[in-house]
Amino acid sequence: MVGMLQILTYLLALYLVMKGFEILQIGLASGRPDRSGVITIGALSLIVCIVGAVAFTTMQDSQARSVSSSISTPHLP
């Protein structure tokens, strides 16, 4: 069960990074004469998406490690 949750978290992280790239590409492809604001928003959203993906993955991995260590530890009466 924990493995499936990890896979879903990795897929979420990949989705976040791809969405960040998509927002940046929209800014880069803008036809506006002054597109520096749009590119800045795209770059900031990409950074936020990458940080979020790393944070979610780190939290999920630590949770899975904690569940794994509690299962492998023998329970004494």
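Residues numbered from 1 in each chain as written. Predicted model: local features only at pLDDT ≥ 70, side-chain atom pairs only at ≥ 80, totals over all residues. Heavy atoms only, no water.

**Looking at the environment of Met4**
As a reminder of what qualifies: Secondary structure is summarised from DSSP: a helix means a run of H or I of at least four residues, a strand means a run of E of at least two, and numbering begins at the N terminus for each. Each residue's exposure class comes from its accessible area (1.4 Å probe, protein chains only) as a fraction of the maximum for that residue type: buried when under 20%, exposed when over 50%, partly exposed otherwise.
Here Met4 shows up in helix H1 (residues 2–28). Judged by its relative accessible area of 55%, Met4 is exposed. Separated by 42 residues in the primary sequence, Met4 and Leu46 place their C-alpha atoms 26 Å from one another.

**Focus: the pattern of salt bridges**
Selection criterion: A pairing counts as a salt bridge when a side-chain nitrogen of Lys or Arg comes within 4 Å of a carboxyl oxygen of Asp or Glu.
Within this structure, the stated rule accounts for one salt bridge. One salt bridge connects Glu22 with Lys19, and the closest N-O pair in it is separated by 2.9 Å. On the criterion of helical spacing, the pair formed by Glu22 and Lys19 is a turn pair, its members being three residues apart in helix H1. Classification of Glu22 by relative accessible area gives partly exposed; the value is 35%. On the basis of relative accessibility, which here comes to 31%, the residue Lys19 falls in the partly exposed class.

**Overview of H1**
Short version of the rule: One less than the residue count of a helix, multiplied by 1.5 Å, gives the span that helix is expected to have.
With 27 residues, H1 extends 39 Å between its outermost C-alpha atoms, agreeing within 8% with the 39 Å of an ideal straight helix rising 1.5 Å per residue. All buried positions along H1 are accounted for by Gln6, Thr9, Ala13, Leu16, Gly20, Leu24 and Gly27.

**Notes on the environment of Val2**
Here is the rule: Here a residue-residue contact requires only that any non-hydrogen atoms of the pair lie within 4.5 Å.
Structurally, Val2 can be placed in helix H1. Given the relative accessible area of 28%, Val2 is considered partly exposed. Taking the C-alpha atoms as reference points, Val2 and Leu14, twelve residues apart in sequence, are found 18 Å from one another. Excluding its chain neighbours within four sequence positions, the residues that come into contact with Val2 are Gln60, Ala64 and Val67.

**Digging into the side chain of Gln60**
Mapped onto the elements of the fold, Gln60 is located in helix H2 (residues 36–72). Note on Gln60: relative accessible area 11%, which makes it buried. With residues up to four places along the chain from it excluded, the contact list for Gln60 reads Val2, Leu5, Gln6 and Thr9.

**So, a nonpolar patch on the surface**
We count it as follows: Patch membership requires over 30% relative accessible area and the absence of a salt bridge. Like charges are linked within 9 Å, and nonpolar side chains (Val, Leu, Ile, Met, Phe, Trp, Tyr) within 5 Å. Accessible surface is estimated by sampling points in the Shrake-Rupley manner with a 1.4 Å probe; for residues, cover comes only from the protein chains shown.
A cluster of nonpolar residues, Met4, Leu5, Ile7, Leu8, Leu11, Leu14, Met18 and Phe21, forms a patch on the protein surface that exposes about 820 Å² of accessible area. Topologically, Ile7 is positioned in helix H1.

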